[in-house]
Amino acid sequence: MALGSTVHRATINLSDVDLGIYTELQLTVARHPSETAERLVARLLAYAICYQEELEFTKGISEGDTPDIWTRDLDGRITHWIEVGLPTPERITTACKKAARVTLFLFGRHSRRWVQMHREKLDILDRLTMFELPEALLEAAVDDLHRSINWSITLTEGILYLSTDNQSLDVELIRV
């Protein structure tokens, strides 16, 4: 029998000082059985960092040809493709052909090596923006991860401040 997804309910008080966004996000996100807790945290952070009203989670890991998060216009065309992890350069190239804008949030022990290996292919993609999510941030957030998530996120001048139930963290958002 196949395992089902774990449903997490997240309340994120988001303050993006630079963009003038101050809102409370009420999110329900499913964690696929094969998805790590770090990847779930990365998806939630990516959602908050790229927040706009039309933003939505896709089926993600269980549906191979869609991003983790996206915005689409009224005709269904993808306007913003948001991916987390270390996808293949071919996947990112395809994303840049399908979407007006692509944002990639890299994380994991091998993220810097991945960038070095694929830099030449990625540098020619003018629609692509890449950020590295620090491993320490993800690990700390995972330590405080529950099925009911209450976060406060403030973004200002390239710094992300994350407050969870038990801790406060701040990291520089590193553009790769």
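If you're wondering where the values come from, they're calculated on a predicted model, not measured in any experiment.

Parameters at a glance
Residues numbered from 1 in each chain as written. Predicted model: local features only at pLDDT ≥ 70, side-chain atom pairs only at ≥ 80, totals over all residues. Heavy atoms only, no water. Helix = DSSP H or I, 4+ residues; strand = E, 2+ residues; numbered from the N terminus. Rg over C-alpha atoms; globule rule 2.2 N^0.38 Å. Buried < 20%, exposed > 50% of the residue type's maximum accessible area, 1.4 Å probe, protein only. Contact = heavy atoms within 4.5 Å. Areas by Shrake-Rupley, 256 points an atom, 1.4 Å probe, with all protein chains shown as cover. Lys, Arg positive; Asp, Glu negative; His and termini not counted. Charge placed at Lys NZ, Arg CZ, Asp CG, Glu CD. Salt bridge = Lys/Arg side-chain N within 4 Å of Asp/Glu carboxyl O. Phe/Tyr/Trp six-rings, centres within 6.5 Å; stacked < 30°, edge-to-face > 60°. Pairing = 2+ DSSP bridges. Axes fitted to C-alpha atoms, helices over the stretch in contact; angles between N-to-C directions.

**Re the overall build of the protein chain**
No. 1: Across its full length, the protein chain holds four helices and 11 strands.
No. 2: The C-alpha radius of gyration of the protein chain comes to 16 Å, within 12% of the 16 Å expected for a compact globule of 176 residues.
No. 3: Counting only C-alpha atoms and orienting by the principal axes, one finds that the protein chain spans roughly 45 × 40 × 35 Å.
No. 4: Scored against the burial criterion, the 176 residues of the protein chain give a buried share of 48%.
No. 5: In the protein chain, the proportion of contacts linking residues at least 24 apart, taken out of those at least 6 apart, comes to 49%.
No. 6: When the accessible area of the protein chain is evaluated, it comes to approximately 9600 Å², of which 47% is carbon and sulfur surface.
No. 7: Positive and negative side-chain charges in the protein chain, numbering 19 and 27 respectively, have mean positions lying 8 Å apart.

**Quick look at the side chain of T129**
No. 1: As for its position among the elements, T129 is in strand β7 (residues 128-132).
No. 2: Looking at T129, the relative accessible area reads 19%, which means it is buried.
No. 3: Leave out the neighbours within four places in its chain, and T129 touches V102, T103, L104 and R175.

**A few points about the pattern of salt bridges**
No. 1: In total, this model carries 10 salt bridges according to the counting rule given.
No. 2: The partner of R77 in a salt bridge is D73, with the nearest N and O atoms 3.3 Å apart.
No. 3: Residue E132 pairs with R112 through a salt bridge whose shortest N-O separation is 3.2 Å. Within this pair, whereas E132 is found in strand β7, its partner R112 is found in helix α3 (residues 111-123), the two being separated by 20 residues in sequence.
No. 4: Residue classification places E132 among the buried positions, given a relative accessible area of 12%.
No. 5: Overall, the relative accessible area of 56% leaves R112 in the exposed class.
No. 6: Through salt bridges with shared partners, one network takes in E35, R39, R43 and D68.

**Re the packing of aromatic side chains**
No. 1: The final tally for this structure, using the stated rule, is three aromatic pairs.
No. 2: Their ring planes at 15° and their centres at 4.8 Å tell us that Y47 and F57 sit as a pair that is stacked. Highlighted residues: Y47 in helix α1 (residues 37-49) and F57 in strand β3 (residues 56-57), separated in sequence by 10 residues. The pair formed by Y47 and F57 is uniform in burial state, with each residue classed as buried.
No. 3: With a centroid separation of 5.6 Å and 20° between ring planes, the pair formed by F105 and F131 is classed as stacked. Taken together, the residues span a long stretch of sequence, with F105 in strand β6 (residues 101-106) and F131 in strand β7 at a distance of 26 residues. Taken as a pair, F105 and F131 share a single burial class, namely buried.
No. 4: Counting every residue linked through ring pairs, the aromatic cluster contains Y47, Y51 and F57.

**Re the sheet that holds strand β10 (residues 168-172)**
No. 1: Taken in spatial order, the five strands of this open sheet run β2-β1-β8-β9-β10, and their pairing is mixed. In the strand order of this sheet, the two ends are held by β2 (21-31) and β10, each with one partner. Averaged over neighbouring strand pairs, the angle between their axes works out to 20° when direction is ignored.
No. 2: Bridging between strand β1 (residues 6-16) and β2 involves 11 bridges; their strand directions are antiparallel. Its bridge partner lying in β2, A10 is registered against L27.
No. 3: On the sheet, α1 packs against β1, β2, β8 (148-156) and β9 (159-163) and is oriented at approximately 150° with respect to β2.
No. 4: Helix α4 (residues 135-143) rests against β8, β9 and β10 of the sheet, and its axis sits at about 160° to β10.

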